[in-house]
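Descriptive structure summary
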Amino acid sequence: MNSIIWLVAIPLLGALLCTVFPRLANRIGWMFAAGNMLAALLVMHTVSQEGAFHYVIGGWSQGLGIALFADSLTALMVVMSAIIALAVSIYSTAYFTDTKKQAFYWPLWLLLLTALNALFVSADLFNLYVTLELLGLAAAALTAMGGSKEALSAAIRYLLIGLIGSLTFLAGVVLVYTAYGTLDIAVLTQQFQNNKVSWAIATLMTLGLMIKAALLPMHFWLPPAHANAPAPVSAVLSALVVKAAIYLMLRLWPDIFYPLANIGISYVLGGLGAAAIMWGSYQALRAQRIKLLAAYSTVAQVGYLFLGLSLIIVLPDGELRHAVMVGVVLLALTHAFAKAALFLAAGVIMQRGGHDRISDLDGTAQTLPVTTFTLALACVALIGLPPSGAFLGKWQLLTVLLHEGLWFWIIVVLSGSLLSAAYAFRLLGHAFGKKNIPHKRLAIGLEELPALVLSLIATLVLAFASAPVAKFIQPLSGVSQ
Amino acid sequence: MENIAWSAFDVLLIAATLSLAWASLTTEHLRRAVIFFIAFGLLLSLIWLRLKAPDVALAEAAIGAGLTGALLLAAVADHQKPINKKPDQKFSLADFVANTFLNLLFIAFAIVFGAAYTFALNEVNDSRLTDIVFQHLPGTGVTNPVTGVLLDFRAYDTMLELAVLLAAALGVMAIGKTRRDFVKPGDMERGLSQWLIPTLIILSLYLLWAGANAPGGAFQAAALLAAAGVVMRLTGYVDGGLPQGIWLRVLLVSGVGGFLLVSLIMMFAGRIYFDYPESWAGSLILLIESMATISIAATLVVAYLCGQPDTWFGGQQKENKHAD
Amino acid sequence: MLIDQILYGLCGIVLFTFGLRIAFSPVHFLRRLLAINVAGAGLFLLLLSVAYRGFDQAPDAVPHALVLTGIVVAFSATALAVALARQLQNRDKENE
């Protein structure tokens, strides 16, 4: 019961302490990230023992108080965030050396983590809006800490577009309250009907979430923001913040909006997803900097996830839908670990070399062998080569697409993977390029380790864990249970 | 007869509000736009009063129109550019088509949204959550239902909202230092501030105390207190009345901290998170509200100062407290 | 369902839509910020119209609390946006 609360309370407490004691912020920061990991594991343990659970804060009757909820999907998201958060935190202790910067980075970062956790466990629509706002504000502020003019202007754009997205989502919430008299997701799920008002609600909320997830055509804010933020921030933005909006889509459509499911939406979302895959991968191929490549790769990945989502919406409850669900979750998890690893590695390269231009990467393999290895692993996971979790995820997706005879989407997924292979090998080709450098002793910096661990998880751990994960993901029983 | 008078009033109010919004968003001068926006905010408070929402009206007038307006006016000053005569823009067909298309799109959106809203109003019984709220209100120790919802039923949301405010303040401070420039106060400003600031403080304390049983509460009180801080800043106190160093840091976090502490203590005491014992509920709410009020006020002032105060890390205030 | 609810509600929808329309146009950043604030105000108006139950009946308190939260959140976002813009402006001045 209480473990859900710790997920929100621990990072929040950490943020408060880091604000009051800026000189100790480094230490407090990663310790609370570790505490957050414990809370996440506790939640996973509880869910695996007792199944999904539901909890109204303050003990008030449902609808009066705010409800929290955790099922297997929640647990997976929370543990994924916790692991990445810990890795990023450890990396950050080495990345930010200026106390003045640390004083603001750590509280903001921990507030972002709070927002993320609160979002994953929330079962109240207005509470979701508040968490989305906290997430957006903290993320924009952190992006601006990149310091450069590009970072500032990217941060403003991110903030304003994020606000538009949240407001659109809020418009949907207002309609929900008008039509159904409740803000509680469980109550709403039971009462939701298929009528014109419900369509308006679904459209508004989906539009808002599409903006937050950077689905084409609302994606243009993402590349500059992710590319110009400080490396640990970019890692979190691509790996976690984007996933929050997708998680919400997974929560809303199969459960609440189920009465509205129809093939039309599937085509719209799927089509936009396909466009995102092609456009994102193409731009990644053309990117001149590692971080820009990674950012566009995220745009493409969001496309895969929406493609999977479009299938989940229309398929009836059953084995096929569960297979797609597993695929989407595996893709999301793998991408999170791999992308975070990629950004952290890029951060290391930038700190050592002063830049992250791809064409000037020659010699990286010799000076930073561990980081180059990390890059390679991350690329394997991003392309979707075996044995990474992404391979299994795409396999699941393709199997279902084949079964349904959706040839067009199959071609899109395969072309997307080909394009990813292209830009990944371009990156690796330069990184492994030889340069005349005096041979140095092999040295591993502390800051290279987190990225390495993350990429290992993406490629190996998830591969072995995929079967247990698949079993763990209960068929979406919904918040109403 | 009365009904017609009210309807006429409503129509006038709405017409004025929409006109101000239009003026604010379409006028060419930015400063005028901000001033129209402030007026828009004030008319909005009137609408809130008309819709029987005095708590919201207080907050809107103080925060939405007042503090936001002050913030934006200062921002406009940042962006002053020499007035260039813009060359007459050539009529571009592509622009015109795009504009018209967008306009039509948004008009259609408004019509659909409006229709959905009108239909939705009919769907549920008018009282929605009102009955449940009033049914459980006695258990909260306050009689103002808005305070009950904010600080008891949905206290978790309020805690997160204070976290949003804190995040904004931290972000603002991370970006740069406070503004340096202000005009030296004259005699009138000094005289005004000498009675204005204490009045604002007393009003704020009243709103805080009264919030339990009448319109008012932490946010409104905090807004008035922040207004006092803004007045101080405008009359020469560079730090806007804020404390220094670690005390300022503690102050900023004590809003969220108060909520977190009380809720966790409840949890440790064996109750559910955020479950106040009935006999203590009223006092607990007042305690949280008091901490929240000064915390929110300080945060609002920091946000208005638009940067990191010199004393954030415990250093010395760089200019004289009262610029002479 | 009262006529006042519809009247003020539709006013709110007009504000929301108009605000978003301006926010999507190529305007000065400050005006875009104003537009977003106006759109938010439109939504608040919508919420309070839903809460209104008539001249002599107590209104629904939950939307009031939601709007209060919304006002504070909107201010926070505006403050951050203004600070970001100011710093960007400073950088531009330095480069001139």
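Our subject in this report is the structure included herewith. Quick caveat, the model's predicted, so the values are computed rather than measured.

What about the overall build of chain A?
The secondary structure content of chain A amounts to 18 helices and 2 strands. Its C-alpha atoms give chain A a radius of gyration of 21 Å, near enough to 23 Å, the size a compact globule of 481 residues would have. Per-residue burial over chain A gives 69% buried out of 481 residues. Once local pairs closer than 6 in sequence are excluded, the contacts in chain A between residues at least 24 apart make up 81%. Taking the average place of the 24 positive charges on the side chains of chain A and the average place of its 16 negative ones, the gap between the two points comes to 12 Å.

A few points about the overall build of chain B
Each helix and strand counted, chain B has 11 helices and 0 strands in total. Ordered by position in the sequence, the α and β elements of chain B form the string α-α-α-α-α-α-α-α-α-α-α. By residue count, 55% of the 324 residues in chain B fall in the buried class. Expressed as a percentage of contacts within chain B between residues at least 6 apart in sequence, the contacts between residues at least 24 apart total 74%. Here chain B displays about 14700 Å² of accessible surface, and carbon together with sulfur accounts for 68% of that area. Seen as two clouds, the 20 positive and the 24 negative side-chain charges of chain B have centres 11 Å apart.

Let's talk about the interface of chain A and chain B
Taken together, the contact pairs 54 residues of chain A with 49 residues of chain B. With both chains or domains summed, chain A and chain B bury close to 4700 Å², and 79% of this area falls on carbon and sulfur atoms. Area buried by chain A at its contact with chain B is led by Trp60(A), Leu64(A) and Phe104(A), which between them contribute 15% of it. Our count for the contact surface shared by chain A and chain B stands at 1 salt bridge. Note that Arg154(B) and Asp124(A) form a salt bridge whose closest N and O atoms lie 2.7 Å from each other. Remark: the boundary between chain A and chain B carries 6 residue pairs in polar contact (both at pLDDT 80 or more). Among the elements of the structure, helix H1 (2-20), strand S1 (53-56), helix H4 (99-121), helix H5 (125-144), helix H6 (149-180) and helix H8 (196-213) of chain A are those that each provide at least two residues to the side of chain A that touches chain B. Looking at which element gives the most residues to the side of chain A that touches chain B, the answer is H1(A), with 10 residues. In terms of residue class, the side of chain A that touches chain B is built from 38 nonpolar, 13 polar and 3 charged.

Points about the interface of chain B and chain C
Taken together, the contacts link 78 residues of chain B with 68 residues of chain C. Counting the surface lost from both chain B and chain C, the interface buries some 7000 Å², and carbon and sulfur atoms represent 77% of this. Per-residue buried area on chain B facing chain C is highest for Leu25(B), Leu51(B) and Tyr117(B); these three make up 11% of the total on that side. At the boundary of chain B and chain C, one finds 1 salt bridge. For the salt bridge of Asp4(C) with Arg50(B), the shortest nitrogen-to-oxygen distance reads 3.2 Å. Where chain B meets chain C, there are 15 residue pairs in polar contact (both at pLDDT 80 or more). If you tally residues by element for the side of chain B that touches chain C, the top one is helix H3 (residues 54-78) of chain B, at 13 residues. A breakdown of the residues in the side of chain B that touches chain C according to their chemical character gives 48 nonpolar, 16 polar and 14 charged.

Description of helix H11 (residues 263-286) of chain A
Residues and elements named next belong to chain A. The first and last C-alpha atoms of H11 sit 34 Å apart over 24 residues, in line with the 34 Å expected at 1.5 Å per residue. Turning to H11, its buried residues number three or more, namely Ile265, Ser266, Leu269, Gly270, Gly273, Ala274, Ala276, Ile277, Gly280, Ser281, Gln283 and Ala284. Buried-residue contacts for H11 involve H8, helix H10 (231-256), helix H12 (290-314) and helix H17 (407-431). Backbone nitrogen of Gly264 and a side-chain oxygen of the N-cap are separated by 2.6 Å at the start of H11; the cap is Asn262.

About the cut-offs
Residues numbered from 1 in each chain as written. Chains lettered and ligands numbered in written order. Predicted model: local features only at pLDDT ≥ 70, side-chain atom pairs only at ≥ 80, totals over all residues. Heavy atoms only, no water. Helix = DSSP H or I, 4+ residues; strand = E, 2+ residues; numbered from the N terminus. Rg over C-alpha atoms; globule rule 2.2 N^0.38 Å. Buried < 20%, exposed > 50% of the residue type's maximum accessible area, 1.4 Å probe, protein only. Contact = heavy atoms within 4.5 Å. Lys, Arg positive; Asp, Glu negative; His and termini not counted. Charge placed at Lys NZ, Arg CZ, Asp CG, Glu CD. Areas by Shrake-Rupley, 256 points an atom, 1.4 Å probe, with all protein chains shown as cover. Buried area = accessible area lost by both parts, 1.4 Å probe. Salt bridge = Lys/Arg side-chain N within 4 Å of Asp/Glu carboxyl O. Polar contact = N/O pair within 3.5 Å; in protein donor to acceptor, adjacent residues only side chain to side chain. Nonpolar A, V, L, I, M, F, W, Y, C, P; charged D, E, K, R; others polar. Expected span 1.5 Å × (residues − 1).

Treat this as a map of the structure, not an account of what it does.
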